[in-house]
Amino acid sequence: METFLPFYEGWEFDGVSVPDVLRAADTAYEYPMVDREPLDRWTHGRTTLIGDAAHAMYPIGSNGATQSIVDARSLAHALARHADPEDALAAYERDRRPVTTALQRANREQGPEVVIDLAHARAPHGFGDIHDVIPAEELAAVARRYAATGAFDPATVNQGSPYEVRLPAAG
């Protein structure tokens with residue numbers, strides 16, 4: 001807490017002192033890891049969720065921003081393909097919820113950051129070169145597994161967008 005407390009000295013909102021609140025806490029994390037249980041559904045009638053509102057997950061691999069962008073593309077695609085907004089929202093949820101649920105669960109296993117624990121377990125007193133601790137092939141396998149889970153592996157990305165909508169030819 002002493003690392004970041006000085007940055008909040010003097011912060012007060014409506015009589016509430018931010019430093020006092022921090023000092024009163026049992027623990028405070030500089031980089032909190034926050035996620036939520038996957039939701040059973042995102043859509044209720046003509047209202048749906050996207051991004052962290054739909055699938056809050058540990059901040060691993062830039063997934064908060066990345067998955068929000070993919071959600072928006074999927075939602076736009078579904079709205080363009082379905083005349084009925086409720087059908088479009090249901091299609092969007094069918095497309096995205098399984099993928100993001102898998103990512104939420106993968107992130108709980110540390111996703112690609114699992115190499116941090118591997119390195120510590122294999123070299124608890126430190127090391128000079130990561131490849132002396134974790135072979136390049138193993139590092140690449142961890143990255144490939146996670147990229148495939150998030151559908152941002154080269155094979156999937158190079159297939160092109162699954163969200164293209166062909167417009168009718170101009171008359």
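Throughout what follows, the structure given in this document is the object of discussion. It should be emphasised that the depicted structure is a prediction, and the values quoted were computed from it without experimental measurement. (Residues numbered from 1 in each chain as written. Predicted model: local features only at pLDDT ≥ 70, side-chain atom pairs only at ≥ 80, totals over all residues. Heavy atoms only, no water.)

1. Structural notes on the packing of helix H4 (residues 85–108) against helix H7 (residues 136–150)
The packing of two helices is summarised by the inter-axis angle and the distance between the axes.
Thinking step 1. Taken N-terminus to C-terminus, the directions of H4 and H7 make an angle of 150°; their axes are 8 Å apart at the nearest point. Between H4 and H7, the interaxial angle falls into the category roughly antiparallel. Two secondary-structure elements touch here, H4 through Val99, Ala102, Leu103, Ala106 and Asn107 and H7 through Tyr146, Thr149 and Gly150. (Axes fitted to C-alpha atoms, helices over the stretch in contact; angles between N-to-C directions. Helix = DSSP H or I, 4+ residues; strand = E, 2+ residues; numbered from the N terminus. Parallel < 35°, antiparallel > 145°, perpendicular 65-115°, else oblique. Contact = heavy atoms within 4.5 Å.)

2. Things to note about the pattern of salt bridges
Thinking step 1. All chains considered together, the criterion is met by 7 salt bridges.
Thinking step 2. Put simply, Arg23 and Asp20 hold a salt bridge, and the shortest N to O gap is 3.2 Å. In this pair, Arg23 and Asp20 both sit in helix H1 (residues 18–24), 3 residues apart, roughly one turn of the helix.
Thinking step 3. Owing to a relative accessible area of 43%, Arg23 belongs among the partly exposed residues under this scheme.
Thinking step 4. Given a relative accessible area of 49%, Asp20 falls into the partly exposed group.
Thinking step 5. A salt bridge links Arg108 to Glu37; its shortest N-O distance comes to 3.3 Å. Remark: Glu37 occurs in the loop between H1 and helix H2 (51–55) and Arg108 occurs in helix H4; sequence separation between them is 71 residues. (Salt bridge = Lys/Arg side-chain N within 4 Å of Asp/Glu carboxyl O. Buried < 20%, exposed > 50% of the residue type's maximum accessible area, 1.4 Å probe, protein only.)

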